[in-house]
There are 2 protein chains.
Amino acid sequence: MQVVVPYSPVDPNTRLEPVLTRSERRAFARVMLGDVLAAIEAAVGTPTILSPEPLDGVSAPVSVDARPLSAAVNAILQPPMAVIMADLPLLTPTTVERALAESGPVVIGPGRGGGTNLLVVRDDGFSVDFHGNSLADHRRLATEAGLPFAEIDSYRVSTDIDEPPDLVEVLLHGEGEAPEWLRANGFELRITAGRVALHRQ
Amino acid sequence: MQVVVPYSPVDPNTRLEPVLTRSERRAFARVMLGDVLAAIEAAVGTPTILSPEPLDGVSAPVSVDARPLSAAVNAILQPPMAVIMADLPLLTPTTVERALAESGPVVIGPGRGGGTNLLVVRDDGFSVDFHGNSLADHRRLATEAGLPFAEIDSYRVSTDIDEPPDLVEVLLHGEGEAPEWLRANGFELRITAGRVALHRQ
């Protein structure tokens with residue numbers, strides 16, 4: 001199945017500003033993209049990156065479309081196809097295989113907080129809407145199109161990287177380059193008052 | 001397999017203080033316990049509740065032990081046995097079945113932030129330690145005992161209810177009484193600046 005990975009190199013992961021500079025955020029976003037591409041590659045083969053501008057030095061073909069995310073995805077959407085976000089550094093080949101093995105016309109991988117981190121679309125009657133409460137929107141769009149939908153119960157799919165506490169999850173569970181990048185840049189876990197907290201040297 | 005559900009009615013879910021009074025927290029904790037018991041009951045039969053004090057009006061037998069959690073669990077631990085936390089209102093029978101079907105001497109269901117929300121123990125050489133960074137501790141304890149361990153990749157297992165944003169997940173994904181209780185007590189989801197936020201009337 002063809003897989004599309006939307007990715008934007010323009011000022012990524014702004015909510016990590018409290019702990020990473022702009023150039024660090026750009027570097028870390030690229031490392032996370034690499035982990036996601038590697039997991040998909042090992043599971044089902046090379047995906048296509050969907051980016052608003054050309055990218056150098058990536059290990060997958062790039063489709064360039066500067067429109068907003070939903071419009072750009074819908075323009076490239078040709079069922080059967082999967083859409084997998086680029087900020088999921090906990091993704092493993094096993095997780096990708098499990099998600100793509102789920103049958104049905106629409107398969108949703110919810111993100112924490114009401115987002116959508118993964119979609120499998122096997123019917124022409126469905127289009128995506130990643131703005132706002134996209135989980136509720138995708139449930140509604142599938143229902144309106146008369147398409148049953150399944151939802152993946154995966155912690156690794158649900159964990160997109162938005163805010164500094166999410167980096168704890170990368171250090172605890174990441175199996176790719178992202179946890180190595182964080183450690184090389186001084187991040188580590190510390191137990192504070194019985195809880196795991198992020199610390200930067 | 002026998003399942004133990006640790007539960008304490010004494011001032012539960014203190015980090016929900018910003019949005020719930022003490023008596024509301026007690027009521028909501030009991031509703032979440034009911035959802036967890038129902039999911040386990042439907043999957044594998046009646047579990048045992050482990051509580052520091054006697055409980056009235058619960059649908060499962062109660063084992064009373066006032067010691068700290070780890071000591072109380074280790075005292076009752078008789079492999080094969082599963083330990084499942086009481087504040088997992090996203091748990092479904094399918095999730096419980098999937099976790100208990102995972103083979104091996106030790107199966108860990110990580111909680112967000114480095115906790116342990118579910119454990120399956122099939123070997124006498126393992127004991128639990130729920131204090132602090134329990135995910136890292138359980139990985140280490142299994143390794144030290146020479147026991148291979150598996151980890152469950154489940155969003156529903158990983159989502160324990162600590163802080164107000166976690167209630168968003170209950171409203172989005174809960175299938176039991178907990179989301180109904182929240183709605184009956186005035187909670188609802190609102191889209192704010194493209195994100196899903198909790199609102200109380």
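Quantities reported herein were computed from a predicted structural model and do not represent experimental measurements.

**Student:** What should I look at first to understand the overall build of chain A in this one?
**Tutor:** In terms of regular secondary structure, chain A is built from 7 helices and 9 strands. The C-alpha radius of gyration computed for chain A amounts to 17 Å, which stays within 12% of the reference 17 Å derived for 201 residues, consistent with globular compactness. Structurally, chain A occupies a C-alpha span of about 50 × 40 × 30 Å along its principal axes. Burial analysis of chain A (201 residues in total) assigns 53% to the buried set. Within chain A, residue pairs in contact and separated by at least 24 positions form 59% of the contacts whose partners lie at least 6 positions apart. Surface summary for chain A: the accessible area is close to 8,200 Å², and the carbon and sulfur share equals 49%. Measuring between centres, the 16 positive side-chain charges of chain A sit 5 Å from its 27 negative side-chain charges.

**Student:** Quick question: what am I supposed to make of the side chain of Thr95(B) here?
**Tutor:** Residue placement: Thr95(B) occurs in helix H3 (residues 93-101). A polar contact of 2.7 Å, which involves the side chain of Thr95(B), links it to the side chain of Thr92(B). In this view, Thr95(B) contacts Asp153(A), Ser154(B), Arg156(B) and Val157(B); residues no more than four positions away in its chain are not counted.

**Student:** What am I meant to see in the relation of the copies chain A and chain B here?
**Tutor:** Two copies of the chain are present, and they differ by a rotation about an axis and a shift along that axis. Taken as rigid bodies, chain A and chain B are interconverted by a rotation of 180 degrees and an axial shift of 0.0 Å, the fit giving an RMSD of 0.0 Å. Each copy turns onto its partner about a two-fold axis.

**Student:** Is there a simple way to think about the packing of aromatic side chains in this case?
**Tutor:** Each aromatic ring pair is summarised here by two numbers: the centre-to-centre distance and the angle between the ring planes. Residues and elements named next belong to chain A. Under the definition given, this model contains 2 aromatic pairs over all chains. An angle of 35 degrees between the planes, with centres 5.1 Å apart, marks the rings of phenylalanine 28 and tryptophan 181 as tilted. Of this pair, phenylalanine 28 sits in helix H1 (residues 22-44) while tryptophan 181 sits in helix H7 (residues 177-184), and the two are 153 residues apart along the sequence.

**Student:** Hey, could you run me through the sheet that holds strand S3 (residues 62-64) of chain A in this one?
**Tutor:** Paired through their backbone hydrogen bonds, the strands of a sheet run either parallel or antiparallel. Residue and element names in this part refer to chain A. Taken together, 7 strands build an open sheet; the order of strands is S3-S2-S1-S4-S6-S5-S7 and the sheet is mixed. The sheet is open, and its two borders are formed by S3 and strand S7 (149-151), each paired with just one other strand. Within the sheet, the average angular offset between the axes of one strand and its neighbour, ignoring direction, is 25 degrees. Across 3 bridges, the pairing between strand S1 (residues 2-6) and strand S2 (residues 48-51) is parallel.

**Student:** Before we go on, may I ask you to explain the interface of chain A and chain B in this structure?
**Tutor:** Where the parts come together, the accessible area they lose is often given as the size of the interface. Each partner contributes residues to the interface: chain A has 25 residues there, and chain B has 26 residues. Summed over both sides, the interface between chain A and chain B buries roughly 2,300 Å², with carbon and sulfur atoms accounting for 47% of that surface. Interface area lost by chain A to chain B is led by Arg112(A), Asp153(A) and Tyr155(A), which between them contribute 28%. For Asp153(B), the salt bridge is made with Arg98(A), and the minimal N-O distance between the two is 3.4 Å.

**Student:** Please clarify how the side chain of His173(A) should be interpreted in this entry.
**Tutor:** Along the chain, His173(A) turns up in helix H6 (residues 164-173). Residues within four places of His173(A) in sequence aside, it is in contact with Leu90(A), Tyr155(A), Arg156(A), Pro110(B), Leu135(B), Arg139(B) and Glu151(B).

**Student:** Got a minute to help me understand the nonpolar core in this structure?
**Tutor:** Side chains of a nonpolar character, in soluble globular proteins, are inclined to be buried together. The biggest cluster of nonpolar side chains holds 50 residues, and the ones touching the most others in it are Val5(A), Ile84(A), Leu91(A), Val96(A), Leu119(A) and Phe126(A). Examining the composition of this core, we find that 7 residues originate from one element, H1(A), more than from any other. Apart from residues lying up to four places away in sequence, Val96(A) is in contact with Ala39(A), Ile40(A), Ala43(A), Val44(A), Ile84(A) and Leu91(A). Within the second largest apolar cluster, 49 residues are counted, among which are Leu50(B), Leu55(B), Val83(B) and Val128(B).

**Student:** What should I look at first to understand the sheet that holds strand S6 (residues 115-121) of chain B in this one?
**Tutor:** Residues and elements named next belong to chain B. In space, the 7 strands of this open sheet follow the order S3-S2-S1-S4-S6-S5-S7, with mixed pairing throughout. Two strands bound the open sheet, and with one partner strand each, they are strand S3 (62-64) and strand S7 (149-151). Sheet twist, expressed as the average angle between the axes of neighbouring strands with direction ignored, equals 25 degrees. With 3 bridges joining them, strand S5 (residues 106-111) and S7 adopt parallel strand pairing. Within S7, the residue paired with valine 106 across the bridge is phenylalanine 149. Most of the contacts of H3 go to S6, to which it runs at about 60 degrees, and overall it touches strand S1 (2-6), strand S4 (81-84), S5 and S6.

**Student:** Looking at this structure, how should I read helix H6 (residues 164-173) of chain B?
**Tutor:** Helical periodicity: at 3.6 residues per turn, an α-helix aligns residues three or four positions apart in one direction. A large share of H6(B) lies buried, amounting to 9 of its 10 residues. Turning to H6(B), its buried residues number three or more, namely Pro164(B), Asp166(B), Leu167(B), Val168(B), Glu169(B), Val170(B), Leu171(B), Leu172(B) and His173(B).

**Student:** Help me out: how do you make sense of the pairing of strand S4 (residues 81-84) of chain A in this one?
**Tutor:** The side chains of a regular strand alternate between both faces of the sheet. Residue and element names in this part refer to chain A. With burial as the criterion, each face of S4 is covered, one bearing Met81 and Val83 and the other bearing Ala82 and Ile84. Pairing geometry for S1 and S4, over 3 bridges, is parallel. Note that in S4 the partner of valine 3 across the bridge is alanine 82. Of the strand pairs in this sheet, S4 and strand S6 (residues 115-121) are connected by 4 bridges, and their pairing is antiparallel. Paired with alanine 82 across the strands is valine 120, a residue of S6.

**Student:** When you look at the packing of helix H1 (residues 22-44) of chain B against H3(B) in this model, what are you seeing that I'm missing?
**Tutor:** When two helices pack together, you describe them by how their axes are tilted relative to each other and by the distance separating the axes. Residues and elements named next belong to chain B. It is at 8 Å that the axes of H1 and H3 come closest, and there the two elements cross at 60 degrees. Overall, the two elements H1 and H3 adopt an arrangement that is oblique. Like other packed secondary-structure pairs, H1 and H3 cross with a definite hand, here right-handed. Contacts from Ala39, Ile40, Ala42, Ala43 and Val44 in H1 reach Pro93, Val96, Glu97 and Leu100 in H3. Of the residues assigned to the contact of H1 with H3, the class counts are 8 nonpolar, no polar and 1 charged.

Rules used in this analysis
Residues numbered from 1 in each chain as written. Chains lettered and ligands numbered in written order. Predicted model: local features only at pLDDT ≥ 70, side-chain atom pairs only at ≥ 80, totals over all residues. Heavy atoms only, no water. Helix = DSSP H or I, 4+ residues; strand = E, 2+ residues; numbered from the N terminus. Rg over C-alpha atoms; globule rule 2.2 N^0.38 Å. Buried < 20%, exposed > 50% of the residue type's maximum accessible area, 1.4 Å probe, protein only. Contact = heavy atoms within 4.5 Å. Areas by Shrake-Rupley, 256 points an atom, 1.4 Å probe, with all protein chains shown as cover. Lys, Arg positive; Asp, Glu negative; His and termini not counted. Charge placed at Lys NZ, Arg CZ, Asp CG, Glu CD. Polar contact = N/O pair within 3.5 Å; in protein donor to acceptor, adjacent residues only side chain to side chain. Least-squares fit on C-alpha atoms with pLDDT ≥ 70 in both. Phe/Tyr/Trp six-rings, centres within 6.5 Å; stacked < 30°, edge-to-face > 60°. Pairing = 2+ DSSP bridges. Axes fitted to C-alpha atoms, helices over the stretch in contact; angles between N-to-C directions. Buried area = accessible area lost by both parts, 1.4 Å probe. Salt bridge = Lys/Arg side-chain N within 4 Å of Asp/Glu carboxyl O. Core = buried A, V, L, I, M, F, W, Y, C linked by side-chain atoms within 4.5 Å. Parallel < 35°, antiparallel > 145°, perpendicular 65-115°, else oblique. Left-handed = near helix turned anticlockwise from the far one by under 90°. Nonpolar A, V, L, I, M, F, W, Y, C, P; charged D, E, K, R; others polar.

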